[in-house]
Amino acid sequence: MGVPTLGCTCAVCTSADPHDRRLRPSALVRWNGPEDGGPERVVVIDTGPDFREQALRAGLMRVDAVLYTHAHADHILGMDDLRPLSFAAFRESGPIPLYASPETAEVLRHVYDYTFSPQATYSHRARVQLEPLGDRTRVHGVEFLRVPVLHGEMEIAGFRFGNAAYLTDVSAIPEQSFGLLEGLEHLVLSALRHKPHPSHATVEQALGWARRIGARHTWLTHIAHELGHEETNRTLPDGVRLAYDGQSVAVTL
Ligand SMILES: [Zn+2]
Ligand SMILES: [Zn+2]
């Protein structure tokens, strides 16, 4: 829902700590910046309703591909804001590929009918193209592994890239997926709050998985207003911390 949460005046929603202001979850994987001498490559994981604001904050100048975890509003409703970047991408190499499961693609086609319908006549629609999300997706030489996780009754996608993984909206991790999560330096893992929720992990559940996966750093994301940044961090074990908006970590791809 984002923090502050609409209509709420709790301590976290009214906190003066900038770490307690949370836009909807999303991740940006960026490599080969000008400092490495190559063309910059950018993969975005989910384009939620805050995508435009996040892209501005991150100084996003291009997008090479988008990977979708699932089709809930907080993960897809910023897709249309890809438009200006997609016009540039289209001139360079073609539409921006949006990798999505069949279920996610169906919702995207429905919500963005004016973009995807073969009858679409809107000339300024995003230059994007739905592509099936397989077990492995390669973007300019970097491989993104799909890591199946459960979000309530629904199987959704997490992603592993190099020595990092991004798992959001998790309520359970299937046994086979643990094998895809070995040797991680950074694990981003969702933890909504302390109180149980049917389709999101509690902090305690997330800590159990974090211990088993054993990444050097685990960053909790998709955090509701029940969890204040500073006070929650004081209770977390070494190696586990709440993530915050705009946070960036170096990963090896
Ligand atoms: Zn609140
Ligand atoms: Zn979500």
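These numbers were taken from a predicted model, which means no experiment stands behind them. (Residues numbered from 1 in each chain as written. Chains lettered and ligands numbered in written order. Predicted model: local features only at pLDDT ≥ 70, side-chain atom pairs only at ≥ 80, totals over all residues. Heavy atoms only, no water.)

**Q** What is the right way to read the overall build of the protein from this model?
**A** A tally of helices and strands in the protein yields eight helices and 12 strands. Taken over the C-alpha trace, the protein has a radius of gyration of 18 Å; the compact-globule value for 253 residues is 18 Å, and the two agree within 12%. Its C-alpha atoms give the protein principal-axis dimensions of about 50 × 40 × 40 Å. Relative to its 253 residues, the protein shows a buried fraction of 52%. Here the protein carries 24 positive and 31 negative side-chain charges, and the mean point of each set is 3 Å from the other. (Helix = DSSP H or I, 4+ residues; strand = E, 2+ residues; numbered from the N terminus. Rg over C-alpha atoms; globule rule 2.2 N^0.38 Å. Buried < 20%, exposed > 50% of the residue type's maximum accessible area, 1.4 Å probe, protein only. Lys, Arg positive; Asp, Glu negative; His and termini not counted. Charge placed at Lys NZ, Arg CZ, Asp CG, Glu CD.)

**Q** Help me understand the pairing of strand β9 (residues 164-167), please; the structure alone is not making it clear to me.
**A** Side-chain positions along a regular strand alternate between the two faces of the sheet. Residues A164 and Y166 of β9 are buried on one face, and the alternating residues A165 and L167, pointing to the opposite face, are buried as well. Where strand β8 (residues 154-161) lies against β9, three bridges are found, and the strand directions are antiparallel. Along β9, the bridge assignment pairs R160 with A165. (Pairing = 2+ DSSP bridges.)

**Q** Hey, could you run me through the coordination of the zinc ion (ligand 1) in this one?
**A** Of the protein atoms, only C8 (SG), C10 (SG), C13 (SG) and H225 (ND1) coordinate the zinc ion (ligand 1), at distances of 2.0 to 2.3 Å. Note that the zinc ion (ligand 1) binds four donor atoms; their angles at the metal cover 102 to 118°, and the shape is tetrahedral. Of note, the zinc ion (ligand 1) draws all its donor residues from one chain, in the sequence arrangement C-x1-C-x2-C-x211-H. Residue classification places C8 among the partly exposed positions, given a relative accessible area of 24%. Residue classification places C13 among the buried positions, given a relative accessible area of 8%. (Donors = N, O, S within 2.8 Å, 3.2 Å for Na, K, Ca; no water. Tetrahedral: all angles 85-135°; square planar, octahedral: opposite > 155°, others 65-115°.)

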